[in-house]
Amino acid sequence: MLSIIKALNATVAFALELATLVAVGYWPFTWEQTTAIRTFSALGLVAVMASVWGTFGSPGSSLTGVTRIVFEVFWFGLGIAAVYTTRRPRLAAVFAVVFVVNAVLARVLHQIS
């Protein structure tokens, strides 16, 4: 049973990572700019966010403890803020709650150090 809970929590963590990238990529399309600026901004933001996650947030990264927690709060916070700024406060609140529950479970289940 514990292995099923761990697998589900890992799946939710991955979904949160993807949701953050989608939110940050969607956010520029709410700007009052040309389509080209919105498109390049979206691509650039997603590329930067994915690179930062790959370097500091992936399971093989060297961040641990409080540093890891601060990084995750900042990184997922950007995704939550992106959702909120698209005038979807309820969705942003759900995103935040799911992130907090997932992060707590990941530490209780020793999935992240």
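Refer to the preceding data block for the structure.
Values in this document were obtained by computation on a predicted structure and should not be read as measured data.

So, about the layout of surface pockets. When its volume is computed, the largest pocket comes out at roughly 370 Å³. Lining the largest pocket are 23 residues; nearest its centre among them are Glu-17, Pro-59, Arg-68, Gln-111 and Ile-112. For the lining of the largest pocket, the secondary-structure elements that each account for two or more residues are α1 (2-26), α2 (35-57), α3 (65-85) and α4 (89-108). Of the residues in the lining of the largest pocket, the class split is 11 nonpolar, eight polar and four charged. Looking at the second largest pocket, its volume works out to about 210 Å³. In this structure, the second largest pocket is lined by 13 residues; those nearest its centre are Ala-19, Ala-23, Val-83, Leu-91 and Phe-95. It is α1 that contributes the most residues to the lining of the second largest pocket, five residues altogether. Tallied by class, residues from the lining of the second largest pocket come to 11 nonpolar, one polar and one charged.

Conventions adopted
- Residues numbered from 1 in each chain as written.
- Predicted model: local features only at pLDDT ≥ 70, side-chain atom pairs only at ≥ 80, totals over all residues.
- Heavy atoms only, no water.
- 1 Å grid on protein atoms, 1.4 Å probe; cavity = no way out; pocket = protein on both sides within 12 Å on 5 of 7 lines; lining within 4 Å.
- Points joined across faces, edges and corners; volume = space filled by probe spheres on them.
- Helix = DSSP H or I, 4+ residues; strand = E, 2+ residues; numbered from the N terminus.
- Nonpolar A, V, L, I, M, F, W, Y, C, P; charged D, E, K, R; others polar.

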